[in-house]
Amino acid sequence: MEKRDYYEVLGVAKTAGPEEVKRSFRRLALKYHPDNYKGDKAEGEAKFKEISEAYEVLFDPDKRQRYDRFGHAGLRGSGLHDYSNMGFGDIFSMFEDIFGGVMGGAGGRSGHRGYDLETEIELTLEEVAAGVEKTLEFERMDFCDACSGSGARPGASPTRCGTCGGYGQVETGGGFFRMVRACPACRGSGTVIKDPCPQCRGNGRQRRKRVLSVHVPAGVYEGQVVRIAREGEPGQNGMERGDLRCYIRIQPHPFLMRHENSLICQVPVSFPQAALGANIEVPTLAGKESLAVPAGSQHGDALRLKGRGLPDPRSGRKGDQLIQLLVEVPRKLTARQKELLKEFGAADQGDALPAQKSFFEKLKKYFK
């Protein structure tokens, strides 16, 4: 399904500042919170994920600039989180500083798998044909070296929250209207940090650069995803990391176009070459190759080079390369060339151009 415009999703103008974006997101997030939304649960969850993704992009200056210039396609490789595989609790913990602990119900930070990350791998057709090892550089949140992710100063430890007793949730109201929400004191974690780590300021995480070698198999397609397990961000309380999703982008080739596992190359030939036959050189992924053009070739005819295409990602069997002939009519002629063509036209009795002869014979019969 095509994604909506992020400004439309949050209901803000393109000139909206960060605070306006944050206020709009907070209002909509509370509206579609599972404790508040009265409509279809699946619809509410989809809406919440949509506004969360829009907020992450529009609130981040770099992502917003890329989105304004290139649209949704420009966010490939920007580190945008994959909201389709995240639950309410995951998203709440990402934006808990915005809500100040007022959002609960879907669970606090008691052990969620880490977030998936996205990046982009750009390939040439030659690399698609052979498969390739690519070195990726990207940034991700990782555990702080100083406190090992606890958020507390080295030598100290987080303490149990006195408000919720370590459960991460508190009850409000009573009777029929009783509601369970994230604890406002510990924001659902069940612990509080009285002496925060100076290196990460109590967050327990820091953004770090990651360098990774990735094997891309031969035959991949534009937009295909290569998933690398457990190379995303770490989970809460020792839960496993998320994955890294690498989207494939293939550079345009100057001569070759892809159709499934076949390659197509359009080659212009002159009228004499098409009429008399000729040997021409054509480009392939392995270099130049000689090709015989049969006498009497027509505009649009396709010649086949077997096994010069791309391998099938599953079977490894290679497709073919098709050479489409484009018969080029000269725009300017010398006097001698005009004279020769007039002689050719006068000598033709229709046998050289059977399709033309048949057409005009049918045309005469039609009008009679």
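Residues numbered from 1 in each chain as written. Predicted model: local features only at pLDDT ≥ 70, side-chain atom pairs only at ≥ 80, totals over all residues. Heavy atoms only, no water.

Asker: How do you make sense of a nonpolar patch on the surface when you look at a structure like this?
Answerer: Taken together, the side chains of Phe 359, Phe 360, Leu 363, Tyr 366 and Phe 367 present a nonpolar region at the surface, about 610 Å² in accessible area. Along the chain, Phe 359 falls in helix α10 (residues 354-367). (Patch = residues over 30% accessible without salt bridge, like charges linked within 9 Å, V, L, I, M, F, W, Y side chains within 5 Å. Areas by Shrake-Rupley, 256 points an atom, 1.4 Å probe, with all protein chains shown as cover. Salt bridge = Lys/Arg side-chain N within 4 Å of Asp/Glu carboxyl O. Helix = DSSP H or I, 4+ residues; strand = E, 2+ residues; numbered from the N terminus.)

Asker: What am I meant to see in the packing of helix α2 (residues 18-31) against helix α3 (residues 41-59) here?
Answerer: The packing of two helices is summarised by the inter-axis angle and the distance between the axes. Contact geometry of α2 with α3 gives a least axis separation of 10 Å together with a crossing angle of 170°. Between α2 and α3, the angle falls in the class roughly antiparallel. Between α2, through Pro 18, Val 21, Lys 22, Phe 25, Leu 28 and Ala 29, and α3, the contact on the second element is made entirely by Phe 48, Ile 51, Ser 52, Tyr 55, Leu 58 and Phe 59. Taken together, the residues of the contact of α2 with α3 sort by class into 10 nonpolar, 1 polar and 1 charged. (Axes fitted to C-alpha atoms, helices over the stretch in contact; angles between N-to-C directions. Parallel < 35°, antiparallel > 145°, perpendicular 65-115°, else oblique. Contact = heavy atoms within 4.5 Å. Nonpolar A, V, L, I, M, F, W, Y, C, P; charged D, E, K, R; others polar.)

Asker: Which parts of the structure should I look at to understand the sheet that holds strand β9 (residues 244-250)?
Answerer: The pairing of strands in a sheet happens through backbone hydrogen bonds and is either parallel or antiparallel. The sheet built from 3 strands is open, its strands ordered β1-β9-β8 with mixed pairing. Two strands lie at the open edges of the sheet, namely β1 (117-123) and β8 (225-228), each paired on one side alone. Strand-to-strand twist in this sheet, taken as the mean axis angle between neighbours without regard to direction, amounts to 25°. Relative to β9, β1 runs parallel, the two sharing 7 bridges. Bridge pairing links Leu 117 to Leu 244 in β9. (Pairing = 2+ DSSP bridges.)

Asker: Before we go on, may I ask you to explain the pattern of salt bridges in this structure?
Answerer: Pairing is possible between side chains that carry opposite charge, provided their charged atoms lie close to one another. Tallied over the entire structure, the rule returns 23 salt bridges. Residues Asp 320 and Arg 304 are paired through a salt bridge, measuring 3.1 Å at the closest nitrogen-oxygen approach. You can see Asp 320 sitting in the loop between β14 (302-305) and β15 (321-328) and its partner Arg 304 sitting in strand β14, a full 16 residues away along the chain.

Asker: Please explain the pairing of strand β13 (residues 287-293) as it appears in this structure.
Answerer: Pairing of strand β12 (residues 278-284) with β13 involves 7 bridges; the strand directions are antiparallel. When the bridges of β13 are listed, Glu 281 appears paired with Ser 290. Hairpin connection between β12 and β13: a loop of 2 residues separates the two successive antiparallel strands.

Asker: Where do I start with the side chain of Glu 56 in this structure?
Answerer: Mapped onto the elements, Glu 56 comes out in helix α3. Reaching out from Glu 56, the side chain makes a polar contact with the side chain of His 81 at a distance of 3.1 Å. In this structure the side chain of Glu 56 is engaged in a polar contact, spanning 2.5 Å, whose partner is the side chain of Tyr 83. (Polar contact = N/O pair within 3.5 Å; in protein donor to acceptor, adjacent residues only side chain to side chain.)

Asker: What exactly am I supposed to notice about the packing of aromatic side chains here?
Answerer: How two aromatic rings sit relative to each other is set out by the distance from centre to centre and by the angle between their planes. This structure, assessed with the given rule, holds 7 aromatic pairs. With 4.7 Å between their ring centres and 45° between their planes, Tyr 6 and Tyr 67 make a pair best called tilted. Pair noted here: Tyr 6 is in helix α1 (residues 6-10) and Tyr 67 is in helix α4 (residues 61-70), with a separation of 61 residues, a long-range link. Neither residue differs from the other here; Tyr 6 and Tyr 67 are each classed as buried. A ring pair is formed by Phe 25 and Tyr 55, whose centres lie 4.4 Å apart and whose planes are at 10°; its orientation type is stacked. Separated by 30 residues along the polypeptide, Phe 25 in helix α2 and Tyr 55 in helix α3 bring together distant segments of the chain. Among the residues examined, Tyr 55 registers a relative accessible area of 4% and is labelled buried. By the ring-pair criterion, three or more aromatic residues cluster together here, those being Tyr 6, Tyr 7 and Tyr 67. Taking NZ or CZ as reference, Arg 258 lies 3.9 Å from the ring centre of Tyr 221, over its face. (Phe/Tyr/Trp six-rings, centres within 6.5 Å; stacked < 30°, edge-to-face > 60°. Buried < 20%, exposed > 50% of the residue type's maximum accessible area, 1.4 Å probe, protein only. Lys NZ or Arg CZ within 6 Å of the ring centre and 35° of its normal.)

Asker: Would you take a moment to explain the layout of surface pockets for this structure?
Answerer: Over the atoms rolls a probe the size of a water molecule, and in doing so it shows where empty space is left. There is about 840 Å³ of room inside the second largest pocket. Taken together, 24 residues form the lining of the second largest pocket, with Phe 271, Pro 272, Ala 275, Val 327 and Phe 344 sitting closest to its centre. Per-element tally for the lining of the second largest pocket: the top contributor is helix α8 (residues 271-276), with 5 residues. (1 Å grid on protein atoms, 1.4 Å probe; cavity = no way out; pocket = protein on both sides within 12 Å on 5 of 7 lines; lining within 4 Å. Points joined across faces, edges and corners; volume = space filled by probe spheres on them.)

Asker: How should the sheet that holds strand β11 (residues 262-270) be read in this particular structure?
Answerer: Taken together, 4 strands build an open sheet; the order of strands is β10-β11-β15-β14 and the sheet is mixed. Whereas interior strands pair on both sides, the edge strands pair on one side only; in this sheet they are β10 (256-259) and β14. Ignoring strand direction, the axes of neighbouring strands in this sheet form an average angle of 30°. Pairing geometry for β14 and β15, over 4 bridges, is antiparallel. By the bridge assignment, Ala 302 is partnered in β15 with Gln 324.

Asker: I tried to follow the nonpolar core on my own but got confused; where do I start?
Answerer: By size, the foremost hydrophobic cluster in this structure holds 34 residues, and its most contacted members are Ile 121, Leu 123, Val 214, Val 216, Leu 244, Ile 248 and Ile 323. Discounting residues that sit within four places of it in the chain, Leu 123 has contacts with Val 128, Val 132, Lys 134, Val 216, Val 220, Ile 248, Arg 249, Ile 250 and Gln 251. (Core = buried A, V, L, I, M, F, W, Y, C linked by side-chain atoms within 4.5 Å.)

Asker: What should I look at first to understand the packing of α3 against α4 in this one?
Answerer: Across the interface, α3 lies against α4 with an axial gap of 5 Å and an inter-helix angle of 100°. Here α4 runs roughly perpendicular to α3, going by the angle between their axes. Mapping the contact onto sequence places Glu 56, Val 57, Leu 58 and Phe 59 in α3 and Pro 61, Lys 63, Arg 64 and Tyr 67 in α4. Its residues assigned to classes, the contact of α3 with α4 comprises 5 nonpolar, no polar and 3 charged.

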